[in-house]
Amino acid sequence: MKTKEEVLLALTGIKDPEWHRSMVELNLFRDVMLNENSLSLTVVTPKDLHIEAKENMQEEITKAIKLHFHQSLHLRFRTMTPYERTEIETKMNKSSSQA
């Protein structure tokens, strides 16, 4: 059976539309659960996505997953909290100041 780490590895190429960095690196995929028949995860977005942007992101995630997994896929989307946004921005500022 595949693992959570393999799911995240399959998703590493997906970039956040606002910060243009890997959503895996930013820890924007949460609650990854998989079994023999299904795979589900939560996608945390920096802001509410309009329908077209959400559909595009859902399609990109689905394509990446279907290359490696055969389970049915269930995605949940939620907007990040102000605390989560601050944590990511702090992390990004630290990494850019070290470069």
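Higher on the page you've got the structure.
Being a predicted model, the structure only gives us computed values, none of them experimental. (Residues numbered from 1 in each chain as written. Predicted model: local features only at pLDDT ≥ 70, side-chain atom pairs only at ≥ 80, totals over all residues. Heavy atoms only, no water.)

1. Some words on the nonpolar core
If you look at the biggest cluster of nonpolar residues, it comprises 23 residues, and the most contacted ones within it are Val7, Leu11, Phe29, Leu41, Val43 and Ile61. For this core, the secondary structure elements donating two or more residues are α1 (4–10), β1 (29–34), β2 (38–45), α2 (51–66) and α3 (82–98). Among residues more than four places away in sequence, those in contact with Val7 are Val32, Leu34, Leu39, Leu41, Ile65 and Phe69. (Core = buried A, V, L, I, M, F, W, Y, C linked by side-chain atoms within 4.5 Å. Buried < 20%, exposed > 50% of the residue type's maximum accessible area, 1.4 Å probe, protein only. Helix = DSSP H or I, 4+ residues; strand = E, 2+ residues; numbered from the N terminus. Contact = heavy atoms within 4.5 Å.)

2. Brief notes about the sheet that holds strand β3 (residues 72–79)
Strand order in the open sheet made by the three strands is β1-β2-β3, with mixed pairing throughout. Two strands in the sheet have a free side with no partner beyond their single neighbour: β1 and β3. Taking the axes of each pair of neighbouring strands and ignoring which way they run, one obtains an average angle of 10° across the sheet. With eight bridges connecting them, β2 and β3 associate as parallel partners. Bridging across to β3, Thr42 finds its partner in Arg76. (Pairing = 2+ DSSP bridges. Axes fitted to C-alpha atoms, helices over the stretch in contact; angles between N-to-C directions.)

3. Description of the pattern of salt bridges
Within the structure shown, the criterion is met by six salt bridges. Two residues, Glu18 and Arg85, come together in a salt bridge whose shortest N-O distance is 3.0 Å. With a gap of 67 residues between them, Glu18 in the loop between α1 and β1 and Arg85 in helix α3 connect regions that are remote in the sequence. Given the relative accessible area of 22%, Arg85 is considered partly exposed. Among the charged side chains, a salt-bridge network with shared partners connects Glu18, Arg85 and Glu89. (Salt bridge = Lys/Arg side-chain N within 4 Å of Asp/Glu carboxyl O.)

4. Re unusual backbone geometry
If you check the backbone angles, His20 has positive phi at about 55° while not being a glycine. Note on placement: His20 falls in the loop between α1 and β1. Take His20: its relative accessible area is 59%, and that puts it in the exposed class. Phi is positive for Asn27, which is not a glycine, with a value near 60°. Relative to the assigned elements, Asn27 resides in the loop between α1 and β1.

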